[in-house]
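# Descriptive analysis of the structure
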Amino acid sequence: MVAFKAFSLRTLVLTFAALCVAVTPAASAPVRVGIAALVVGDVRLSNASINKPKKIARRTRLAWGDTLQTKGNSKLQILLLDRSTLTIGSKAQLTIDRFVYDPGNSRTSTSTVTKGAFRFMSGRRTGNSTATVKSPVGTIGIRGTALDGIVGKEAVKIAKKEPFLDGVKSDKKTATLIVLRGPGANTRGGLTLGLADVSAAGKTVVLDQPTLTAYIPRPGAPPIGPFRLSTGGLTKLQEELSPRVTNANNGGLLEKIVPGVIAAGVGLLILTNSDDDNDTPANPTNDTPTNCDNPNNPTGVC
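Note that the structure is predicted; figures quoted are calculated from it, not measured.

Along its length, the protein carries four helices and 17 strands. When burial is assessed residue by residue, the protein has 43% of its 302 residues classed as buried. Approximately 15,500 Å² of the protein is accessible, and the part contributed by carbon and sulfur atoms is 55%.

Laid out in structure tokens, this is it:
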């Protein structure tokens, strides 16, 4: 009789534990990170609960683990809780891996872009803030700035027309090009100064001036740069993000559009969250950058 009671109690405990494990993930609410502030064309969302990507509209709430995909001639702008923005152009894919925000103290965000063009703009100024964007071949650490990037065959097309990247062997699926749009050390207008660290294969390239660029050509290759992206390259990248966006290479334009882009969706974000039903040096570098893939490299030292 005693043995039977002991066995029953043990069985009951194990059964209850199994039920807790099975129920907890499904019952846990998604961690909301922001909203879709701008949706143009066909934009679709998928996650652990939504296997078949579904079309979304403006004001759709977004959470950890959401993957966003854009079709041709489409565009998405995400407004995060700390007022940071993430924009992706046509035929792009982005996953929100993580976002932690403590207003006035710190924020941490991590996203992965597997294809297409993207733009990141930092939001509220806090003492301890980091943002990371990953691509299939590298990692971009962002501190208080705005940058553009592109992954895949369009990145390769841009790279082929850049003299500094002459002779580079690129992978059309994973090649990643990153350009700092500002603000940099010489920026005026009260924007937070910042920079981006582009890392791959154990090497890091620092971008700290507008139009400084780094290129990761293929898996296992270190980033090439920093170098200045040509006007043609900047224009092509802008077209991938949005045909209607004016080239921001000319000084001063970014200072005007950054506050505007952030402010445009702030009221919308506040409104959306408030009605939540429990459901944002003059020389690029001291050393001359080396293109290790360039067969015409006179030094041969990398």
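Bringing helix H2 (residues 153-160) into the picture now. Considered for burial, the residues of H2 that qualify are Glu154, Ala155, Val156, Ile158 and Ala159. Check the buried side of H2 and you find it contacts strand S12 (146-151), strand S13 (176-182), strand S16 (212-216) and helix H3 (231-241).

Residues Val31, Trp64 and Val100 make up a contiguous nonpolar surface patch of about 210 Å² in total accessible area. Inspection of the secondary structure assignment puts Val100 in strand S8 (residues 93-102).

Overall, the predicted model of the protein reaches an average pLDDT of 76, with 66% of residues at or above 70. Contacts for the low-pLDDT stretch residues 1-7, under 50 throughout, to residues beyond four places or in other chains number zero contacts. Note that residues 16-27 has pLDDT below 50 and, in this model, zero contacts with residues that lie over four places away or in other chains.

Before going further, it helps to spend a moment on the nonpolar core. Leu68, Leu76, Ile78, Leu94, Phe118, Ile140 and Leu207 are the most contacted members of the largest nonpolar core, which has 36 residues in total. The residues touching Phe118, leaving out its near neighbours within four places in the chain, are Thr87, Ile88, Val113, Val133, Leu147, Asp148, Gly149, Ile150, Val151, Ile178 and Leu241. Residues Ala117, Ala155, Val168 and Leu177 belong to the second largest nonpolar core, which totals 18 residues.

Before going further, it helps to examine H3. Helical geometry: 3.6 residues make up each α-helical turn, so side chains three or four residues apart lie on a common side. Every buried residue of H3 is accounted for by Gly233, Leu234, Leu237, Gln238, Glu240 and Leu241. Each buried residue of H3 sits inside an arc of 160 degrees when the element is viewed along its axis, so together they form one side. Buried residues in H3 make contact with strand S6 (75-80), strand S7 (85-88), strand S9 (106-121), S12, H2 and S13.

Quick look at the pattern of salt bridges now. What the rule picks out here adds up to seven salt bridges. Ionic pairing is found between Glu154 and Lys236, a salt bridge with its closest N-O pair at 3.7 Å. Linking Glu154 in helix H2 with Lys236 in helix H3, this pair joins segments that are 82 residues apart in sequence. Overall, the relative accessible area of 16% leaves Glu154 in the buried class. For Lys236, a relative accessible area of 28% puts it in the partly exposed group. A single network of salt bridges, built from pairs that share partners, joins Glu154, Lys157, Lys236 and Glu240.

Let's shift gears to the side chain of Ser109. Mapped onto the fold, Ser109 is located in strand S9. Among the residues examined, Ser109 registers a relative accessible area of 9% and is labelled buried.

Our next topic: a positive patch on the surface. Side chains of Lys71, Lys91, Lys115, Lys153, Lys160 and Lys172 sit close together on the surface and give a patch of like positive charge. We classify Lys153 as exposed; its relative accessible area is 53%.

Residue position: Thr213 is located in strand S16. Only 3.1 Å separates the side chain of Thr213 from the backbone oxygen of Thr211, close enough to count as a polar contact. Among all residues touching Thr213, those that are not within four sequence positions of it are Leu177, Ile178, Val179, Leu207, Ile224, Gly225, Pro226, Phe227, Arg228 and Leu229.

Turning our eyes to something else, we now look at the environment of Gly89. Tracing the chain through its elements places Gly89 in the loop between S7 and S8. Along the chain, Gly89 and Gln77 lie twelve residues apart, while their C-alpha atoms are 8.9 Å from each other. With sequence-adjacent residues up to four places away left out, Gly89 is seen in contact with Thr70, Ser74, Ala117, Glu240 and Leu241.

Turning next to the pairing of S13. Side-chain direction in a regular strand flips from residue to residue, so the side chains alternate between the two faces of the sheet. Of all seven residues making up S13, seven are buried, and the element is well covered by its neighbours. As defined by bridge partners, S13 adjoins S16 across four bridges and the pair is classed as antiparallel. When the bridges of S16 are listed, Leu177 appears paired with Tyr215.

Note the cis peptide between Gly225 and Pro226, where omega equals 0 degrees. Within the fold, Pro226 resides in strand S17 (residues 224-228). Unlike most non-glycine residues, Arg59 shows phi in positive territory, near 80 degrees. With respect to the element layout, Arg59 can be found in the loop between strand S3 (54-55) and strand S4 (61-63). Arg59 gets classed as partly exposed once you look at its relative accessible area, which sits at 34%.

Rules and cut-offs
Residues numbered from 1 in each chain as written. Predicted model: local features only at pLDDT ≥ 70, side-chain atom pairs only at ≥ 80, totals over all residues. Heavy atoms only, no water. Helix = DSSP H or I, 4+ residues; strand = E, 2+ residues; numbered from the N terminus. Buried < 20%, exposed > 50% of the residue type's maximum accessible area, 1.4 Å probe, protein only. Areas by Shrake-Rupley, 256 points an atom, 1.4 Å probe, with all protein chains shown as cover. Contact = heavy atoms within 4.5 Å. Patch = residues over 30% accessible without salt bridge, like charges linked within 9 Å, V, L, I, M, F, W, Y side chains within 5 Å. Salt bridge = Lys/Arg side-chain N within 4 Å of Asp/Glu carboxyl O. pLDDT = per-residue confidence, 0-100. Core = buried A, V, L, I, M, F, W, Y, C linked by side-chain atoms within 4.5 Å. Arc of directions from axis to C-beta. Lys, Arg positive; Asp, Glu negative; His and termini not counted. Charge placed at Lys NZ, Arg CZ, Asp CG, Glu CD. Polar contact = N/O pair within 3.5 Å; in protein donor to acceptor, adjacent residues only side chain to side chain. Pairing = 2+ DSSP bridges.

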